[in-house]
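Breakdown of the fold
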Amino acid sequence: MITLIDSNVWCTNPIALWTIKYEYQRIGADMQYRFYWKIWLNYNTGWWYNAMQLKLFLDGVQYNVHVKDYKVETGWSYEGTTDWYTVNNKTVGTTLFYVQLYDESANTTDATSSTYYLTVSPCGATIISASDFTDEENPSILYSNPAGANVSKLQACISFTSAIADIEYRDIPVNSTSYTFELTNEERTILQNGTSGNNRTVVFIIRTKIDEKYFYSTLERTLTIVNADPVFSEDQLRCVDTNTAVVSITGNNEQLVQEQSLLTVFFSSATGRKGAGITQYIFELNGITKVAYESGYVEFGKVYSARDTELIVTVMDSRGNKTSVTKTIPILAWSLPTFDVTLERLNNYEDETHLTVNASVSPLDGKNTMKISYRYAENGTQPGNLTEITNNAQYILSCDKNKSFIFDFTVKDLFDKTEKSLILYKGKFPLFIDVERNAVGVNEFPTNGEALRVSGGVANFDGGIQIAGINIIDYIFSALTERGYI
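Heads up: these notes are all about the structure in this document.

Rules used throughout
Residues numbered from 1 in each chain as written. Predicted model: local features only at pLDDT ≥ 70, side-chain atom pairs only at ≥ 80, totals over all residues. Heavy atoms only, no water. Helix = DSSP H or I, 4+ residues; strand = E, 2+ residues; numbered from the N terminus. Buried < 20%, exposed > 50% of the residue type's maximum accessible area, 1.4 Å probe, protein only. Polar contact = N/O pair within 3.5 Å; in protein donor to acceptor, adjacent residues only side chain to side chain. Contact = heavy atoms within 4.5 Å. Core = buried A, V, L, I, M, F, W, Y, C linked by side-chain atoms within 4.5 Å. Pairing = 2+ DSSP bridges. Axes fitted to C-alpha atoms, helices over the stretch in contact; angles between N-to-C directions.

Right, let's talk about the side chain of Q258 for a bit. Mapped onto the fold, Q258 is located in the loop between β19 (256–257) and β20 (262–267). Given the relative accessible area of 9%, Q258 is considered buried. Polar contacts involving the side chain of Q258 include one to the main-chain amide nitrogen of W334, which spans 2.9 Å. Beyond its immediate stretch of four places on either side in the chain, Q258 contacts V303, Y304, S305, A306, I331, L332, A333 and W334.

Once that is clear, we can look at unusual backbone geometry. One non-glycine residue with positive phi stands out, namely N227, at about 50 degrees. Backbone geometry places N348, a non-glycine residue, at a positive phi of 60 degrees. On the secondary structure map, N348 appears in the loop between β27 (338–345) and β28 (352–360). By relative accessible area, which is 48% here, N348 ends up partly exposed.

Attention now goes to the nonpolar core. Counting residues in hydrophobic clusters, the biggest one holds 27 residues, and the most contacted among them are I141, F181, L191, F204 and I206. If you list the elements that add at least two residues to this core, you get β10 (126–130), β12 (140–144), β13 (153–159), β16 (199–210) and β17 (213–224). With four residues, β16 is the largest single contributor of residues to this core. The contact partners of I206, leaving out residues within four places of it in the chain, are A125, I127, I141, Y143, L154, Q155, A156, I172, F215, Y216 and S217. Counting 21 residues, the second largest nonpolar core, distinct from the first, contains F232, L237, Y281 and L285.

Let's shift gears to the sheet that holds strand β32 (residues 405–412). Spatial strand order, β30-β29-β32-β33: four strands in an open sheet with antiparallel pairing. The two strands at the open ends of the sheet, each matched to only one other strand, are β30 (387–389) and β33 (417–424). The mean angle between the axes of side-by-side strands here comes to 25 degrees, regardless of whether they run parallel or antiparallel. Pairing analysis gives eight bridges linking strand β29 (residues 371–378) to β32, with the strands arranged antiparallel. Residue pairing for β32: I372 is matched across the bridge by V411.

See the structure below:
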């Protein structure tokens, strides 16, 4: 209940006489007050028309209050409130106060009223400054407490919203200007769990108790979560070949074979730090990316790299922090068997035929094997069964020189095979020499003596040919004899 003090302020203006009464109370921290006032018109010699304005002067600051928009008569009263701050950050002292009444229509002001001094009580402490801080630091604040030991209690806390003390209030020195929060592990956990990203705004609060009343001062600063990357290591990964056929050959399910193994990566859960959860696991291998959202496994299938390759796993947490680890996957190079075949008739004509196969397979650390086989048949007939032969060994076959043959070759290793077909053509000499007839045939046997014959009837020179007086047949035989061919 507000009890108004009778000021007994009388206006000397002959138009009207008036009285004002007032009271004031602190309404917040610092120096904020609310001024209650009421004005009465005690007597007027005539009408006071139009608008009136009450002028309050508090600490030299003028507050204009619109009072009335129409004429008033004796006995009229009006009341209201005005809020103000004291100046110079006073704690205990006086504030200058006086009033004027102003006729807006006539643009006249009543005589200045008497001057009063209002007593100002001590105010609450104020936070002056604070620094941004990390969750691993002990934050400090600078503050002023003008009331000193006159306060009943002086406390500070840290809040997420300024609504409640998330880091509980603790007493701070009334005669000091700084305080450092010595945070416990439990309090750091509260700050970390309350921060969804890597930083957030927190509110420092100082609470002052004076005469059973609480006054508050607040200041916002930024809290940053540091050293919070998720925990994950290479030891939490197993890269396994799930192709049992390959494992039966290599004897090791963590040893992969190019293009044959089926890679599956098994992994255990990463650990989020400082209240963060794990949101995803990203696997990268040879340009292929796989994503998982919980522990378990991911399947890559066949790996086509010919050498050891690196798997990169990146773990993301709910704050966007990440940790990456690299694991080297051992891979044995493999490719299809390769081979070359030498297949030719003796003198390019005889039935006697020579066969050699030179083949190679991927070694796979000495665990691979090779099987070479072949079959052949006269061109246009059904081939028989395959026959196994030895690598780089020469085989002598008998193939009718008057017929052509189809040869099929197969080289197999433990995983796959390579096949190839070749044709052995009919036996045929490009040049036939009959030493008894002293004759030469091209692509046919000579039938006449002292003759050069070309098959197809292109040229038949029976009885010899002379060039520059020399018999060409004699010349050919002489040259072949000199070189040891005859």
